[in-house]
Amino acid sequence: MNQVDYLRISLVDRCNFRCQYCMPEGVELDYILKQQLLTDEELLTLIEEVFVPVGFTQFRLTGGEPLLRPGVVELVRAIASLPRTKDLSMTTNGFLLAPIAQDLYEAGLRRINISLDSLDPDIFNAIIGNRGRSRWQQVWEGIHAAYCVGFNPLKLNVVVIPGVNDHEVLNLAALTIDKQWHIRFIEFMPIGNSQLFSDRGWIPSEELRQRIRDRWGLTESQVRGNGPADVFQIPGAKGTLGFISQMSECFCDRCNRMRLSADGWLRPCLLNETHQIDLKTALRTGISTAQLQEQVRGLLALKPEINFKQRDAGTTTGVYTRTMSQIGG
Ligand code: SAM
Ligand code: SF4
């Protein structure tokens with residue numbers, strides 16, 4: 001079992017996109033009320049006095065859309081300057097990124113993943129549920145801004161949906177040839193929009209790899225690393241291709257992460273809501289951070305037992321009462 005030292009922190013559950021696979025239009029979500037969100041101060045206390053002491057050293061800011069969090073640059077600065085933060089990264093849809101990419105970098109953020117499901121503005125707009133002005137160009141500018149500022153590695157996340165964007169896999173993979181961009185193909189999961197999932201299904205990563213292999217060849221760059229991605233490379237390419245295959249594989253034995261929702265629930269496994277701990281209420285009712293450390297240690301000890309797919313050998317579909325945007329994907 002891997003050491004669990006990586007925490008994905010949702011800064012806010014709201015989003016300026018309505019991606020079909022995550023929080024589709026027409027689906028009413030119960031957004032977290034402002035007073036229920038962890039404040040910056042509470043979040044910093046939890047990181048510094050609870051998570052770091054129990055062994056977490058890597059933090060990823062996500063959401064919802066993390067750039068919607070007021071004061072996000074200052075929050076990044078505060079987390080990055082904590083003495084024992086080894087790694088701070090962010091996953092964003094990139095729409096609000098261009099004007100603050102430099103500020104985020106100067107505040108201490110070094111790694112960024114930007115979601116880009118299509119190179120075709122029309123398909124992109126259909127996926128993100130935008131019926132108005134095209135948003136693709138602004139995201140593309142965000143990606144370039146992040147690249148120019150020096151974010152390295154710069155990763156692009158692609159959720160592959162059969163019949164929607166899977167025909168773009170080769171074009172997306174080709175982006176890694178000349179630029180040091182890293183594409184992460186993610187298997188579509190039945191979280192957020194189970195109807196779309198039943199209608200469309202998902203494509204196993206190996207099928208995508210075969211398409212890429214047939215076109216350019218594919219070498220294994222780093223398979224079975226610390227994270228969930230299996231990483232490959234087109235021979236001679238500057239960037240890499242990662243495949244996150246949570247539907248076709250079980251990578252529970254190398255899972256190194258937990259998730260903290262924007263309202264302070266610590267979730268030990270993406271697919272399992274049992275055993276979550278409400279850290280915010282505990283903090284607000286005066287429970288000491290030493291006691292909270294004990295609770296988190298207890299959850300760390302339990303994690304191997306409750307990792308969902310490991311336990312059920314992937315035969316069932318998990319507990320999905322929250323969307324990825326609410327969990328902190
Ligand atoms: N809003 C940011 C973004 O889109 O990058 C961060 C939050 S989003 C929930 C994090 C990642 O989860 C994105 O890369 C998104 O594509 C992925 N995601 C959301 N719903 C998913 C689903 N049903 N299956 C697979 N990946 C999903
Ligand atoms: Fe928003 Fe990200 Fe979910 Fe898309 S995937 S709706 S951008 S939280």
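Please refer to the structure higher up on the page.
Residues numbered from 1 in each chain as written. Chains lettered and ligands numbered in written order. Predicted model: local features only at pLDDT ≥ 70, side-chain atom pairs only at ≥ 80, totals over all residues. Heavy atoms only, no water.

(A) A look at the site of ligand 2. Close contacts around ligand 2 come from Cys15, Phe17, Cys19, Tyr21, Cys22, Met23, Gly64, Asn93 and Ser325, and that covers them all. Split into classes, the residues belonging to the shell around ligand 2 amount to 6 nonpolar, 3 polar and no charged. (Near = heavy atom within 4 Å. Nonpolar A, V, L, I, M, F, W, Y, C, P; charged D, E, K, R; others polar.)

(B) Structural view of the side chain of arginine 257. As for its position among the elements, arginine 257 is in strand S10 (residues 257–260). Although arginine 257 is buried, it makes no salt bridge; aspartate 5 carries the closest opposite charge, 7.9 Å away. Apart from residues no more than four positions distant in its own chain, arginine 257 is found in contact with Val4, Tyr6, Arg8, Gly227, Pro228, Pro268 and Lys303. (Helix = DSSP H or I, 4+ residues; strand = E, 2+ residues; numbered from the N terminus. Buried < 20%, exposed > 50% of the residue type's maximum accessible area, 1.4 Å probe, protein only. Lys, Arg positive; Asp, Glu negative; His and termini not counted. Salt bridge = Lys/Arg side-chain N within 4 Å of Asp/Glu carboxyl O. Contact = heavy atoms within 4.5 Å.)

(C) Region of interest: unusual backbone geometry. At the junction of asparagine 152 and proline 153, the peptide bond is cis and its omega measures out at 0° in the coordinates. Here proline 153 is to be found in the loop between helix H5 (136–149) and strand S5 (154–160).

(D) Region of the structure containing the pattern of salt bridges. Counting across every chain of the model gives 11 salt bridges. A salt bridge links glutamate 207 to arginine 211, with the shortest nitrogen-to-oxygen separation between them at 3.7 Å. You can see glutamate 207 and its partner arginine 211 sitting in helix H8 (residues 205–216), 4 residues apart, about one turn around the helix. Among the residues examined, glutamate 207 registers a relative accessible area of 40% and is labelled partly exposed. For the salt bridge of arginine 297 with glutamate 294, the shortest nitrogen-to-oxygen distance reads 2.8 Å. Of this pair, arginine 297 and glutamate 294 are both found in helix H10 (residues 289–306), 3 residues apart, which corresponds to roughly one turn of the helix.

(E) Representation of the packing of aromatic side chains. A complete count under the given rule lists 11 aromatic pairs for this structure. Centre to centre, the rings of tryptophan 140 and tryptophan 181 are 5.7 Å apart; their planes meet at 80°, and the pair counts as edge-to-face. Of this pair, tryptophan 140 sits in helix H5 while tryptophan 181 is found in strand S6 (residues 181–187), placing the two residues 41 residues apart along the sequence. Ring plane angle 65° and centroid distance 5.3 Å describe the contact between phenylalanine 188 and phenylalanine 197, whose orientation is recorded as edge-to-face. Each member of the pair, phenylalanine 188 as well as phenylalanine 197, carries the same accessibility label: buried. Here arginine 135 stacks its cationic end above the ring of phenylalanine 95, 4.4 Å away from the centre of that ring. (Phe/Tyr/Trp six-rings, centres within 6.5 Å; stacked < 30°, edge-to-face > 60°. Lys NZ or Arg CZ within 6 Å of the ring centre and 35° of its normal.)

(F) Here's a closer look at the packing of helix H1 (residues 40–51) against helix H2 (residues 72–80). Between H1 and H2, the shortest axis-to-axis distance is 11 Å and the interhelical angle comes to 20°. Regarding the angle of H1 to H2, the classification is roughly parallel. Seen from above, H1 lies across H2 with right-handed handedness. From H1, Asp40, Leu43, Leu44 and Ile47 reach across to H2, where they touch Leu75, Ala78 and Ile79. Tallied by class, residues from the contact of H1 with H2 come to 6 nonpolar, no polar and 1 charged. (Axes fitted to C-alpha atoms, helices over the stretch in contact; angles between N-to-C directions. Parallel < 35°, antiparallel > 145°, perpendicular 65-115°, else oblique. Left-handed = near helix turned anticlockwise from the far one by under 90°.)

(G) Region of the structure containing the site of ligand 1. Around ligand 1, the structure places 19 residues, and the nearest of them are Tyr21, Gly64, Ser115, Met189 and Ile191. Residue tyrosine 21 places a main-chain N or O atom 3.0 Å away from a nitrogen atom belonging to ligand 1. Contacts to ligand 1 include glycine 64, whose backbone N or O atom sits 2.9 Å from a nitrogen atom. With the chains in place, 96% of the 540 Å² that ligand 1 exposes on its own is no longer accessible. Sorting the residues of the shell around ligand 1 by element identifies strand S3 (87–92), S5 and S6 as the ones contributing at least two each. (Polar contact = N/O pair within 3.5 Å; in protein donor to acceptor, adjacent residues only side chain to side chain. Areas by Shrake-Rupley, 256 points an atom, 1.4 Å probe, with all protein chains shown as cover.)

Bear in mind that shape data such as this cannot, by itself, settle questions of function.
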